[in-house]
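Chains, contacts and geometry: an overview
Chain by chain, the residues:
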Amino acid sequence: MSREGIVNAVLLVGFVAVAAWAHFAGEPFTITLATRAAIFALAAVGLNFALGLGGLVSLGHAVFFGIGGYAMGILAFHAQNYTPLMEWPFAIPGTKVMPIIWLTAIVTAALAALVIGLLSLRTSGVYFIMITLAFGQMFFYFAISWSAYGGEDGLSIYIRNGFPGLNTLVPIQFFGICFVLLCAVLWFVSRMERSPFGLMLNAARQVPHRVETVGLDPQRAKLVAFVISGAITALAGALFADLNRFVSPTMFSWQTSGEIMIFVILGGVARLCGPVAGAALFVALEHWLGDLSDYWHIYLGLLLLLIVLFLRGGIVGFLAGRARAHD
Amino acid sequence: MSFLTLRGVTASYGASQALFGIDLDIAEGEVVALMGRNGMGKTTTVKAICRMLPAGGTITFDGKDLTRLPSHAAARLGIGLVPEGRRCFRDLTVWENLIAAHRPGAWDWQAVTRLFPRLAERRDQRAATLSGGEQQMLAVGRALMTNPRLLILDEATEGLAPLIRAEIWDAIARLKADTAMSILVIDKSLKELRQVADCAVLVARGRTVWTGAMADLDAETSAAHVGV
(Lines give C-alpha, C1' and ligand atoms only; values in the text may rest on other atoms or scores of the structure.)
Protein backbone atom coordinates (compact mmCIF):
# COMPACT_ATOMS: atom_id res chain seq x y z
CA MET A 1 0.00 0.00 0.00
CA SER A 2 1.28 3.46 -0.84
CA ARG A 3 1.83 6.06 1.83
CA GLU A 4 -1.26 7.91 0.72
CA GLY A 5 -3.20 4.66 0.89
CA ILE A 6 -2.17 4.27 4.53
CA VAL A 7 -3.12 7.86 5.35
CA ASN A 8 -6.51 7.33 3.69
CA ALA A 9 -7.11 4.10 5.58
CA VAL A 10 -6.16 5.73 8.90
CA LEU A 11 -8.54 8.61 8.20
CA LEU A 12 -11.49 6.36 7.42
CA VAL A 13 -10.79 3.94 10.26
CA GLY A 14 -10.47 6.99 12.53
CA PHE A 15 -14.00 8.02 11.60
CA VAL A 16 -15.35 4.60 12.50
CA ALA A 17 -13.32 4.50 15.71
CA VAL A 18 -14.60 7.88 16.91
CA ALA A 19 -18.20 6.96 16.13
CA ALA A 20 -17.86 3.52 17.75
CA TRP A 21 -16.24 4.97 20.86
CA ALA A 22 -18.95 7.63 21.15
CA HIS A 23 -21.64 5.00 20.70
CA PHE A 24 -20.35 2.78 23.50
CA ALA A 25 -19.42 5.70 25.75
CA GLY A 26 -22.94 7.09 25.37
CA GLU A 27 -21.90 10.34 23.66
CA PRO A 28 -24.51 10.80 20.93
CA PHE A 29 -23.41 14.36 20.30
CA THR A 30 -19.97 13.15 19.20
CA ILE A 31 -21.64 10.76 16.77
CA THR A 32 -23.56 13.71 15.38
CA LEU A 33 -20.30 15.60 14.94
CA ALA A 34 -18.77 12.63 13.12
CA THR A 35 -21.88 12.41 10.93
CA ARG A 36 -21.63 16.12 10.19
CA ALA A 37 -17.96 15.68 9.24
CA ALA A 38 -18.76 12.69 6.98
CA ILE A 39 -21.46 14.69 5.19
CA PHE A 40 -19.21 17.72 4.75
CA ALA A 41 -16.51 15.36 3.49
CA LEU A 42 -18.92 13.95 0.91
CA ALA A 43 -19.86 17.46 -0.27
CA ALA A 44 -16.17 18.31 -0.60
CA VAL A 45 -15.37 15.04 -2.40
CA GLY A 46 -17.90 16.29 -4.95
CA LEU A 47 -16.18 19.65 -5.31
CA ASN A 48 -12.76 17.99 -5.39
CA PHE A 49 -13.83 15.98 -8.42
CA ALA A 50 -14.33 19.20 -10.39
CA LEU A 51 -11.56 21.19 -8.70
CA GLY A 52 -8.82 18.62 -8.31
CA LEU A 53 -9.33 16.51 -11.39
CA GLY A 54 -10.86 19.03 -13.77
CA GLY A 55 -9.20 22.20 -12.49
CA LEU A 56 -12.60 23.87 -12.24
CA VAL A 57 -12.59 26.38 -9.40
CA SER A 58 -16.30 26.45 -8.66
CA LEU A 59 -17.43 28.90 -6.02
CA GLY A 60 -21.01 27.86 -6.56
CA HIS A 61 -21.18 24.35 -5.21
CA ALA A 62 -23.67 25.50 -2.60
CA VAL A 63 -26.16 25.35 -5.48
CA PHE A 64 -25.89 21.58 -5.52
CA PHE A 65 -25.67 21.27 -1.75
CA GLY A 66 -28.84 23.35 -1.52
CA ILE A 67 -30.61 21.41 -4.27
CA GLY A 68 -29.92 18.25 -2.30
CA GLY A 69 -31.23 19.92 0.84
CA TYR A 70 -34.39 21.18 -0.81
CA ALA A 71 -34.99 17.85 -2.57
CA MET A 72 -35.15 16.32 0.87
CA GLY A 73 -37.08 19.26 2.36
CA ILE A 74 -39.73 19.46 -0.33
CA LEU A 75 -40.35 15.72 -0.62
CA ALA A 76 -40.53 15.24 3.15
CA PHE A 77 -42.61 18.40 3.63
CA HIS A 78 -45.29 17.05 1.32
CA ALA A 79 -45.12 13.64 2.94
CA GLN A 80 -45.55 15.01 6.45
CA ASN A 81 -48.46 17.22 5.34
CA TYR A 82 -50.05 14.51 3.22
CA THR A 83 -50.19 16.84 0.23
CA PRO A 84 -49.10 15.84 -3.27
CA LEU A 85 -46.06 17.49 -4.80
CA MET A 86 -48.11 18.10 -7.90
CA GLU A 87 -51.45 16.88 -9.20
CA TRP A 88 -51.28 17.63 -12.88
CA PRO A 89 -50.56 16.00 -15.35
CA PHE A 90 -50.01 13.15 -12.89
CA ALA A 91 -50.00 13.09 -9.12
CA ILE A 92 -46.61 12.91 -7.39
CA PRO A 93 -46.74 12.31 -3.66
CA GLY A 94 -44.04 13.35 -1.21
CA THR A 95 -41.83 10.71 0.35
CA LYS A 96 -39.93 9.96 3.53
CA VAL A 97 -37.80 7.24 1.94
CA MET A 98 -34.14 8.23 1.82
CA PRO A 99 -33.03 6.39 -1.34
CA ILE A 100 -35.81 8.07 -3.36
CA ILE A 101 -34.85 11.44 -1.91
CA TRP A 102 -31.19 10.83 -2.75
CA LEU A 103 -32.02 9.85 -6.30
CA THR A 104 -34.17 12.96 -6.71
CA ALA A 105 -31.36 15.12 -5.31
CA ILE A 106 -28.76 13.56 -7.60
CA VAL A 107 -30.82 13.78 -10.77
CA THR A 108 -32.00 17.33 -10.12
CA ALA A 109 -28.51 18.53 -9.29
CA ALA A 110 -27.03 16.77 -12.32
CA LEU A 111 -29.50 18.59 -14.57
CA ALA A 112 -28.73 21.91 -12.88
CA ALA A 113 -25.00 21.23 -13.20
CA LEU A 114 -25.47 20.46 -16.88
CA VAL A 115 -27.12 23.82 -17.51
CA ILE A 116 -24.78 25.79 -15.24
CA GLY A 117 -21.77 23.95 -16.68
CA LEU A 118 -22.79 24.58 -20.28
CA LEU A 119 -22.91 28.30 -19.57
CA SER A 120 -19.98 28.59 -17.14
CA LEU A 121 -17.53 26.46 -19.08
CA ARG A 122 -17.53 29.00 -21.89
CA THR A 123 -15.34 30.97 -19.54
CA SER A 124 -12.31 30.04 -17.48
CA GLY A 125 -10.15 31.35 -14.68
CA VAL A 126 -11.56 34.18 -12.61
CA TYR A 127 -14.64 34.49 -14.85
CA PHE A 128 -15.54 30.88 -14.17
CA ILE A 129 -15.29 31.55 -10.42
CA MET A 130 -17.51 34.61 -10.77
CA ILE A 131 -20.15 32.97 -12.94
CA THR A 132 -20.49 29.98 -10.60
CA LEU A 133 -20.73 32.40 -7.68
CA ALA A 134 -23.46 34.29 -9.53
CA PHE A 135 -25.44 31.09 -10.04
CA GLY A 136 -25.12 30.40 -6.33
CA GLN A 137 -26.53 33.81 -5.48
CA MET A 138 -29.41 33.33 -7.92
CA PHE A 139 -30.43 30.11 -6.21
CA PHE A 140 -29.95 31.69 -2.78
CA TYR A 141 -32.30 34.59 -3.48
CA PHE A 142 -34.75 32.33 -5.24
CA ALA A 143 -34.93 30.11 -2.14
CA ILE A 144 -35.44 33.17 0.08
CA SER A 145 -38.38 34.28 -2.01
CA TRP A 146 -39.90 30.80 -2.37
CA SER A 147 -42.59 31.26 0.24
CA ALA A 148 -44.32 27.96 -0.55
CA TYR A 149 -41.35 26.24 1.08
CA GLY A 150 -40.70 28.53 3.99
CA GLY A 151 -38.86 31.33 2.19
CA GLU A 152 -36.23 32.83 4.43
CA ASP A 153 -37.30 30.70 7.40
CA GLY A 154 -36.69 27.40 5.66
CA LEU A 155 -38.49 24.14 6.22
CA SER A 156 -38.55 22.01 9.33
CA ILE A 157 -39.01 18.28 8.96
CA TYR A 158 -40.22 16.81 12.21
CA ILE A 159 -39.09 13.23 11.85
CA ARG A 160 -35.92 12.12 10.10
CA ASN A 161 -36.58 10.29 6.85
CA GLY A 162 -36.37 6.53 6.86
CA PHE A 163 -34.14 3.96 5.30
CA PRO A 164 -35.58 0.47 4.77
CA GLY A 165 -34.44 -1.85 7.54
CA LEU A 166 -32.76 0.82 9.67
CA ASN A 167 -33.85 3.19 12.40
CA THR A 168 -32.37 6.48 11.24
CA LEU A 169 -33.25 8.20 14.50
CA VAL A 170 -30.52 6.21 16.22
CA PRO A 171 -27.43 8.39 15.74
CA ILE A 172 -25.02 5.53 15.04
CA GLN A 173 -27.29 4.09 12.38
CA PHE A 174 -27.62 7.41 10.58
CA PHE A 175 -23.86 7.83 10.85
CA GLY A 176 -23.49 4.39 9.28
CA ILE A 177 -25.61 5.42 6.29
CA CYS A 178 -23.62 8.60 5.75
CA PHE A 179 -20.27 6.88 6.19
CA VAL A 180 -21.10 4.01 3.83
CA LEU A 181 -22.23 6.51 1.20
CA LEU A 182 -19.00 8.45 1.69
CA CYS A 183 -16.93 5.29 1.21
CA ALA A 184 -18.95 4.24 -1.82
CA VAL A 185 -18.44 7.63 -3.45
CA LEU A 186 -14.71 7.58 -2.60
CA TRP A 187 -14.45 4.18 -4.26
CA PHE A 188 -16.29 5.50 -7.32
CA VAL A 189 -14.05 8.57 -7.50
CA SER A 190 -10.87 6.51 -7.18
CA ARG A 191 -12.08 4.30 -10.02
CA MET A 192 -12.89 7.35 -12.13
CA GLU A 193 -9.48 8.89 -11.49
CA ARG A 194 -7.76 5.84 -12.91
CA SER A 195 -10.15 5.37 -15.82
CA PRO A 196 -9.17 6.67 -19.27
CA PHE A 197 -11.69 9.47 -18.75
CA GLY A 198 -10.11 10.53 -15.46
CA LEU A 199 -6.59 10.32 -16.83
CA MET A 200 -7.55 12.42 -19.82
CA LEU A 201 -9.25 14.95 -17.60
CA ASN A 202 -6.08 15.11 -15.55
CA ALA A 203 -3.99 15.62 -18.67
CA ALA A 204 -6.49 18.15 -20.04
CA ARG A 205 -6.20 20.23 -16.91
CA GLN A 206 -2.50 20.64 -17.53
CA VAL A 207 -2.39 20.84 -21.33
CA PRO A 208 -5.90 21.29 -22.77
CA HIS A 209 -5.00 21.30 -26.48
CA ARG A 210 -2.75 18.26 -26.24
CA VAL A 211 -5.55 15.84 -25.38
CA GLU A 212 -7.43 16.91 -28.49
CA THR A 213 -4.88 15.15 -30.68
CA VAL A 214 -6.00 11.85 -29.21
CA GLY A 215 -9.65 12.64 -29.79
CA LEU A 216 -10.83 14.05 -26.48
CA ASP A 217 -12.95 17.19 -26.34
CA PRO A 218 -11.65 18.88 -23.18
CA GLN A 219 -14.73 21.07 -22.80
CA ARG A 220 -17.04 18.09 -22.86
CA ALA A 221 -14.89 16.18 -20.39
CA LYS A 222 -14.97 19.15 -18.01
CA LEU A 223 -18.74 19.35 -18.35
CA VAL A 224 -19.09 15.66 -17.46
CA ALA A 225 -16.81 16.19 -14.46
CA PHE A 226 -18.85 19.20 -13.36
CA VAL A 227 -22.10 17.21 -13.58
CA ILE A 228 -20.70 14.28 -11.57
CA SER A 229 -19.27 16.74 -9.07
CA GLY A 230 -22.59 18.50 -8.60
CA ALA A 231 -24.47 15.23 -8.19
CA ILE A 232 -22.12 14.08 -5.40
CA THR A 233 -22.43 17.37 -3.55
CA ALA A 234 -26.23 17.19 -3.85
CA LEU A 235 -26.25 13.77 -2.19
CA ALA A 236 -24.35 15.35 0.71
CA GLY A 237 -26.89 18.18 0.80
CA ALA A 238 -29.78 15.73 1.15
CA LEU A 239 -27.99 14.00 4.03
CA PHE A 240 -27.14 17.31 5.69
CA ALA A 241 -30.77 18.38 5.63
CA ASP A 242 -31.72 15.04 7.12
CA LEU A 243 -29.09 15.39 9.84
CA ASN A 244 -30.54 18.75 10.90
CA ARG A 245 -34.12 17.88 9.96
CA PHE A 246 -34.14 21.39 8.62
CA VAL A 247 -33.38 23.10 5.34
CA SER A 248 -32.98 26.81 4.72
CA PRO A 249 -31.61 29.15 2.06
CA THR A 250 -28.31 29.20 3.99
CA MET A 251 -27.46 25.95 2.25
CA PHE A 252 -27.38 27.94 -1.01
CA SER A 253 -25.28 30.78 0.39
CA TRP A 254 -21.85 31.64 -0.92
CA GLN A 255 -20.45 31.05 2.55
CA THR A 256 -21.47 27.42 2.13
CA SER A 257 -19.65 27.30 -1.21
CA GLY A 258 -16.63 28.81 0.50
CA GLU A 259 -16.73 26.30 3.33
CA ILE A 260 -16.89 23.37 0.94
CA MET A 261 -13.84 24.80 -0.79
CA ILE A 262 -12.09 25.26 2.56
CA PHE A 263 -12.57 21.54 3.32
CA VAL A 264 -10.86 20.69 0.05
CA ILE A 265 -7.96 23.10 0.52
CA LEU A 266 -7.41 22.14 4.18
CA GLY A 267 -7.27 18.48 3.32
CA GLY A 268 -5.45 18.65 0.00
CA VAL A 269 -6.68 19.52 -3.48
CA ALA A 270 -6.91 16.54 -5.83
CA ARG A 271 -6.11 14.05 -3.06
CA LEU A 272 -8.72 11.32 -2.81
CA CYS A 273 -9.24 11.65 0.95
CA GLY A 274 -8.19 15.29 1.20
CA PRO A 275 -11.78 16.43 1.66
CA VAL A 276 -12.26 13.83 4.38
CA ALA A 277 -9.30 15.16 6.37
CA GLY A 278 -10.34 18.75 5.72
CA ALA A 279 -13.95 18.28 6.78
CA ALA A 280 -12.94 16.34 9.90
CA LEU A 281 -10.50 19.06 10.94
CA PHE A 282 -13.07 21.76 10.23
CA VAL A 283 -15.76 20.12 12.34
CA ALA A 284 -13.28 19.47 15.16
CA LEU A 285 -12.12 23.10 15.15
CA GLU A 286 -15.69 24.36 14.91
CA HIS A 287 -16.49 22.33 18.00
CA TRP A 288 -13.40 23.02 20.12
CA LEU A 289 -12.59 26.56 19.09
CA GLY A 290 -16.29 27.39 18.95
CA ASP A 291 -16.39 26.60 22.67
CA LEU A 292 -13.52 28.99 23.32
CA SER A 293 -14.71 31.92 21.28
CA ASP A 294 -17.55 33.01 19.06
CA TYR A 295 -14.94 34.37 16.71
CA TRP A 296 -13.27 31.03 16.07
CA HIS A 297 -13.19 31.73 12.34
CA ILE A 298 -10.19 33.97 13.02
CA TYR A 299 -8.18 30.90 14.00
CA LEU A 300 -9.57 28.96 11.06
CA GLY A 301 -8.44 31.76 8.76
CA LEU A 302 -4.98 31.69 10.29
CA LEU A 303 -4.76 27.94 9.84
CA LEU A 304 -5.93 28.18 6.25
CA LEU A 305 -3.30 30.83 5.62
CA LEU A 306 -0.56 28.63 7.06
CA ILE A 307 -1.68 25.62 5.04
CA VAL A 308 -1.88 27.53 1.79
CA LEU A 309 1.53 29.12 2.41
CA PHE A 310 3.47 26.18 3.79
CA LEU A 311 1.55 22.96 3.11
CA ARG A 312 0.56 23.22 -0.49
CA GLY A 313 -0.75 19.67 -0.54
CA GLY A 314 -2.96 20.23 2.51
CA ILE A 315 -3.08 17.75 5.38
CA VAL A 316 -2.95 14.69 3.17
CA GLY A 317 -0.13 16.20 1.14
CA PHE A 318 1.79 16.84 4.36
CA LEU A 319 1.28 13.30 5.65
CA ALA A 320 1.57 11.37 2.41
CA GLY A 321 4.09 13.44 0.51
CA ARG A 322 3.84 15.05 -2.84
CA ALA A 323 1.70 13.26 -5.38
CA ARG A 324 1.46 14.24 -8.99
CA ALA A 325 1.93 17.84 -9.90
CA HIS A 326 -1.26 19.77 -9.42
CA ASP A 327 -0.98 23.41 -10.22
CA MET B 1 -7.70 6.53 -54.64
CA SER B 2 -6.72 9.43 -52.41
CA PHE B 3 -7.45 9.05 -48.72
CA LEU B 4 -6.28 12.43 -47.49
CA THR B 5 -6.43 15.29 -49.98
CA LEU B 6 -5.22 18.85 -49.55
CA ARG B 7 -5.92 21.39 -52.26
CA GLY B 8 -4.67 24.96 -52.12
CA VAL B 9 -4.50 24.92 -48.35
CA THR B 10 -3.71 28.23 -46.71
CA ALA B 11 -3.16 29.02 -43.05
CA SER B 12 -1.85 31.85 -40.95
CA TYR B 13 -0.63 32.56 -37.45
CA GLY B 14 -2.50 35.73 -36.66
CA ALA B 15 -1.46 38.30 -39.23
CA SER B 16 1.43 36.34 -40.73
CA GLN B 17 0.46 33.86 -43.39
CA ALA B 18 2.43 30.62 -43.32
CA LEU B 19 0.77 28.48 -45.97
CA PHE B 20 -0.04 29.84 -49.40
CA GLY B 21 -1.16 26.76 -51.29
CA ILE B 22 -0.35 23.26 -50.17
CA ASP B 23 -1.44 20.32 -52.33
CA LEU B 24 -0.95 16.85 -50.97
CA ASP B 25 -2.43 13.39 -51.53
CA ILE B 26 -2.07 10.26 -49.52
CA ALA B 27 -3.60 6.99 -50.69
CA GLU B 28 -4.68 4.24 -48.33
CA GLY B 29 -1.69 2.30 -47.01
CA GLU B 30 0.76 4.72 -48.56
CA VAL B 31 3.76 6.30 -46.84
CA VAL B 32 4.34 9.89 -47.89
CA ALA B 33 7.31 12.03 -46.91
CA LEU B 34 6.68 15.72 -46.39
CA MET B 35 9.96 17.53 -46.90
CA GLY B 36 11.31 21.04 -46.98
CA ARG B 37 13.70 23.38 -45.23
CA ASN B 38 13.01 24.77 -41.78
CA GLY B 39 10.21 27.29 -41.62
CA MET B 40 8.77 26.33 -45.00
CA GLY B 41 5.44 25.09 -43.63
CA LYS B 42 5.78 21.39 -42.85
CA THR B 43 4.55 21.54 -39.27
CA THR B 44 1.99 24.18 -40.19
CA THR B 45 0.62 21.78 -42.80
CA VAL B 46 0.31 19.12 -40.11
CA LYS B 47 -1.45 21.59 -37.82
CA ALA B 48 -3.87 22.43 -40.61
CA ILE B 49 -4.64 18.73 -41.19
CA CYS B 50 -5.10 18.12 -37.47
CA ARG B 51 -7.29 21.20 -37.19
CA MET B 52 -5.04 22.97 -34.75
CA LEU B 53 -5.06 26.04 -36.98
CA PRO B 54 -7.87 27.57 -39.02
CA ALA B 55 -7.17 26.76 -42.66
CA GLY B 56 -8.42 27.82 -46.07
CA GLY B 57 -8.66 25.67 -49.17
CA THR B 58 -9.94 22.12 -49.01
CA ILE B 59 -8.86 19.27 -46.77
CA THR B 60 -10.77 16.02 -47.13
CA PHE B 61 -10.14 12.83 -45.24
CA ASP B 62 -11.89 9.63 -46.29
CA GLY B 63 -14.40 11.74 -48.23
CA LYS B 64 -15.17 14.06 -45.31
CA ASP B 65 -14.45 17.76 -45.23
CA LEU B 66 -12.09 18.45 -42.35
CA THR B 67 -11.86 22.21 -42.51
CA ARG B 68 -14.81 22.89 -40.25
CA LEU B 69 -14.11 20.21 -37.68
CA PRO B 70 -12.55 20.82 -34.28
CA SER B 71 -9.25 19.12 -33.51
CA HIS B 72 -10.69 16.29 -31.40
CA ALA B 73 -13.21 15.41 -34.09
CA ALA B 74 -10.43 15.07 -36.68
CA ALA B 75 -8.60 12.75 -34.29
CA ARG B 76 -11.75 10.70 -33.86
CA LEU B 77 -12.09 10.28 -37.60
CA GLY B 78 -8.80 8.41 -37.47
CA ILE B 79 -5.94 10.87 -37.69
CA GLY B 80 -3.22 10.00 -35.19
CA LEU B 81 -0.59 12.64 -34.57
CA VAL B 82 2.88 12.21 -33.13
CA PRO B 83 3.54 15.88 -32.52
CA GLU B 84 6.84 17.64 -32.89
CA GLY B 85 8.64 17.62 -29.56
CA ARG B 86 6.82 14.43 -28.44
CA ARG B 87 4.48 16.13 -25.96
CA CYS B 88 3.56 13.17 -23.79
CA PHE B 89 1.28 13.68 -20.79
CA ARG B 90 4.15 14.31 -18.41
CA ASP B 91 2.40 13.54 -15.14
CA LEU B 92 0.87 10.28 -16.29
CA THR B 93 2.77 7.03 -16.29
CA VAL B 94 3.59 5.15 -19.48
CA TRP B 95 0.65 2.83 -18.91
CA GLU B 96 -1.68 5.73 -18.17
CA ASN B 97 -0.52 7.70 -21.21
CA LEU B 98 -1.38 4.75 -23.40
CA ILE B 99 -4.67 3.56 -21.94
CA ALA B 100 -5.95 7.12 -21.69
CA ALA B 101 -5.63 7.47 -25.45
CA HIS B 102 -7.01 4.06 -26.31
CA ARG B 103 -9.83 3.74 -28.81
CA PRO B 104 -11.20 0.39 -29.98
CA GLY B 105 -9.11 -1.42 -32.55
CA ALA B 106 -6.16 -3.69 -33.12
CA TRP B 107 -3.71 -1.42 -31.32
CA ASP B 108 -3.72 -2.03 -27.60
CA TRP B 109 -1.15 -2.25 -24.81
CA GLN B 110 0.12 -5.63 -26.04
CA ALA B 111 0.50 -4.49 -29.63
CA VAL B 112 2.26 -1.25 -28.72
CA THR B 113 4.68 -2.90 -26.31
CA ARG B 114 5.43 -5.54 -28.93
CA LEU B 115 6.49 -2.71 -31.20
CA PHE B 116 8.39 -0.95 -28.38
CA PRO B 117 9.27 -3.52 -25.68
CA ARG B 118 11.04 -0.81 -23.73
CA LEU B 119 7.70 0.82 -22.91
CA ALA B 120 6.62 -2.31 -21.08
CA GLU B 121 9.74 -2.08 -18.91
CA ARG B 122 8.87 1.53 -18.03
CA ARG B 123 5.18 0.77 -17.43
CA ASP B 124 4.76 2.63 -14.13
CA GLN B 125 7.24 5.40 -14.71
CA ARG B 126 6.00 8.94 -15.22
CA ALA B 127 6.47 10.20 -18.77
CA ALA B 128 8.43 13.22 -17.56
CA THR B 129 11.15 10.93 -16.18
CA LEU B 130 11.70 9.01 -19.42
CA SER B 131 14.65 9.58 -21.75
CA GLY B 132 14.02 11.46 -24.98
CA GLY B 133 13.97 8.27 -27.01
CA GLU B 134 11.52 6.57 -24.65
CA GLN B 135 9.28 9.62 -24.72
CA GLN B 136 9.33 9.45 -28.50
CA MET B 137 8.33 5.79 -28.43
CA LEU B 138 5.58 6.70 -26.00
CA ALA B 139 4.36 9.48 -28.29
CA VAL B 140 4.23 7.06 -31.23
CA GLY B 141 2.56 4.43 -29.04
CA ARG B 142 -0.01 6.91 -27.81
CA ALA B 143 -0.93 7.88 -31.37
CA LEU B 144 -1.21 4.19 -32.31
CA MET B 145 -3.48 3.55 -29.32
CA THR B 146 -6.08 5.79 -30.95
CA ASN B 147 -6.13 3.22 -33.77
CA PRO B 148 -5.66 5.77 -36.51
CA ARG B 149 -6.07 5.17 -40.21
CA LEU B 150 -3.60 7.94 -40.92
CA LEU B 151 -0.53 8.34 -38.73
CA ILE B 152 1.35 11.62 -38.88
CA LEU B 153 4.91 11.68 -37.55
CA ASP B 154 6.29 15.17 -37.14
CA GLU B 155 10.08 15.06 -36.69
CA ALA B 156 9.88 11.80 -34.79
CA THR B 157 13.63 11.16 -34.89
CA GLU B 158 14.82 14.68 -34.18
CA GLY B 159 17.45 15.03 -31.47
CA LEU B 160 17.72 11.32 -30.72
CA ALA B 161 20.76 9.08 -30.45
CA PRO B 162 21.56 7.08 -33.63
CA LEU B 163 20.54 3.76 -32.08
CA ILE B 164 17.16 5.10 -30.99
CA ARG B 165 16.63 6.70 -34.38
CA ALA B 166 17.25 3.33 -35.97
CA GLU B 167 14.67 1.81 -33.64
CA ILE B 168 12.07 4.42 -34.59
CA TRP B 169 12.75 3.97 -38.32
CA ASP B 170 12.51 0.24 -37.86
CA ALA B 171 9.12 0.68 -36.18
CA ILE B 172 7.90 2.83 -39.06
CA ALA B 173 9.05 0.19 -41.55
CA ARG B 174 7.21 -2.47 -39.59
CA LEU B 175 4.04 -0.37 -39.51
CA LYS B 176 4.29 -0.04 -43.26
CA ALA B 177 4.82 -3.75 -43.77
CA ASP B 178 2.28 -5.07 -41.27
CA THR B 179 -0.62 -2.62 -41.36
CA ALA B 180 -2.85 -0.87 -43.86
CA MET B 181 -2.26 2.47 -42.15
CA SER B 182 -1.40 5.51 -44.23
CA ILE B 183 1.61 7.37 -42.89
CA LEU B 184 2.75 10.96 -43.36
CA VAL B 185 6.36 11.42 -42.25
CA ILE B 186 8.20 14.64 -41.72
CA ASP B 187 11.91 14.17 -41.25
CA LYS B 188 15.25 15.58 -42.17
CA SER B 189 17.12 12.40 -43.04
CA LEU B 190 16.66 11.79 -46.71
CA LYS B 191 18.43 8.43 -46.60
CA GLU B 192 15.87 6.83 -44.29
CA LEU B 193 12.96 8.54 -45.98
CA ARG B 194 14.07 7.07 -49.28
CA GLN B 195 13.87 3.60 -47.78
CA VAL B 196 10.46 3.90 -46.21
CA ALA B 197 8.41 6.41 -48.21
CA ASP B 198 6.50 5.67 -51.41
CA CYS B 199 5.98 9.29 -52.37
CA ALA B 200 7.39 12.66 -51.49
CA VAL B 201 5.89 16.12 -51.26
CA LEU B 202 8.31 19.04 -51.15
CA VAL B 203 7.23 22.38 -49.75
CA ALA B 204 8.91 25.76 -49.93
CA ARG B 205 7.61 29.08 -48.63
CA GLY B 206 4.22 27.60 -47.83
CA ARG B 207 3.65 26.05 -51.26
CA THR B 208 3.91 22.57 -52.68
CA VAL B 209 6.80 22.72 -55.14
CA TRP B 210 7.29 19.08 -56.07
CA THR B 211 5.20 15.91 -55.80
CA GLY B 212 6.09 12.47 -57.06
CA ALA B 213 7.28 8.98 -56.34
CA MET B 214 10.20 8.82 -53.94
CA ALA B 215 12.21 6.96 -56.58
CA ASP B 216 11.79 9.90 -58.97
CA LEU B 217 13.17 12.45 -56.55
CA ASP B 218 16.54 13.34 -58.02
CA ALA B 219 19.46 14.78 -56.14
CA GLU B 220 19.11 18.14 -57.84
CA THR B 221 15.51 18.68 -56.73
CA SER B 222 16.13 17.55 -53.21
CA ALA B 223 19.23 19.71 -52.95
CA ALA B 224 17.26 22.71 -54.15
CA HIS B 225 14.35 22.34 -51.74
CA VAL B 226 15.53 20.26 -48.84
CA GLY B 227 19.19 21.11 -48.78
CA VAL B 228 20.45 17.52 -48.96
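Each remark here, short or long, concerns the structure printed above.
Residues numbered from 1 in each chain as written. Chains lettered and ligands numbered in written order. Predicted model: local features only at pLDDT ≥ 70, side-chain atom pairs only at ≥ 80, totals over all residues. Heavy atoms only, no water.

Looking at the pattern of salt bridges
Residues and elements named next belong to chain B.
- Taken as a whole and judged by the stated rule, the model has 13 salt bridges over all chains.
- In this structure, the salt-bridge partner of D62 is R149, at a minimum N-O distance of 2.7 Å. Taken together, the positions of D62 in the loop between β4 (55-61) and β5 (64-65) and R149 in the loop between α6 (132-145) and β7 (150-154) put the pair 87 residues apart, joining distant regions of the chain.
- Of the residues examined, D62 reaches a relative accessible area of 32% and is grouped as partly exposed.
- Ionic pairing is found between R126 and D91, a salt bridge with its closest N-O pair at 2.6 Å. Placement of the pair is R126 in the loop between α5 (117-121) and α6 and D91 in the loop between β6 (79-82) and α3 (94-101), with a sequence separation of 35 residues.
- Its relative accessible area of 7% is what places D91 among the buried residues. (Salt bridge = Lys/Arg side-chain N within 4 Å of Asp/Glu carboxyl O. Helix = DSSP H or I, 4+ residues; strand = E, 2+ residues; numbered from the N terminus. Buried < 20%, exposed > 50% of the residue type's maximum accessible area, 1.4 Å probe, protein only.)

Side note on the environment of L175 of chain B
All names here are of chain B.
- As for its position among the elements, L175 is in helix α7 (residues 162-178).
- Owing to a relative accessible area of 2%, L175 belongs among the buried residues under this scheme.
- Sequence spacing of L175 and T45 is 130 residues, and the spatial spacing of their C-alpha atoms is 23 Å.
- Once residues lying within four places of it in the same chain are set aside, the contact partners of L175 are W107, L115, L144, L151 and I183. (Contact = heavy atoms within 4.5 Å.)

Overview of the side chain of R205 of chain A
- With respect to the helices and strands, R205 of chain A occurs in helix α7 (residues 196-206).
- Here G52 of chain A takes part through its backbone oxygen, which lies 2.8 Å from a polar atom of the side chain of R205 of chain A. (Polar contact = N/O pair within 3.5 Å; in protein donor to acceptor, adjacent residues only side chain to side chain.)

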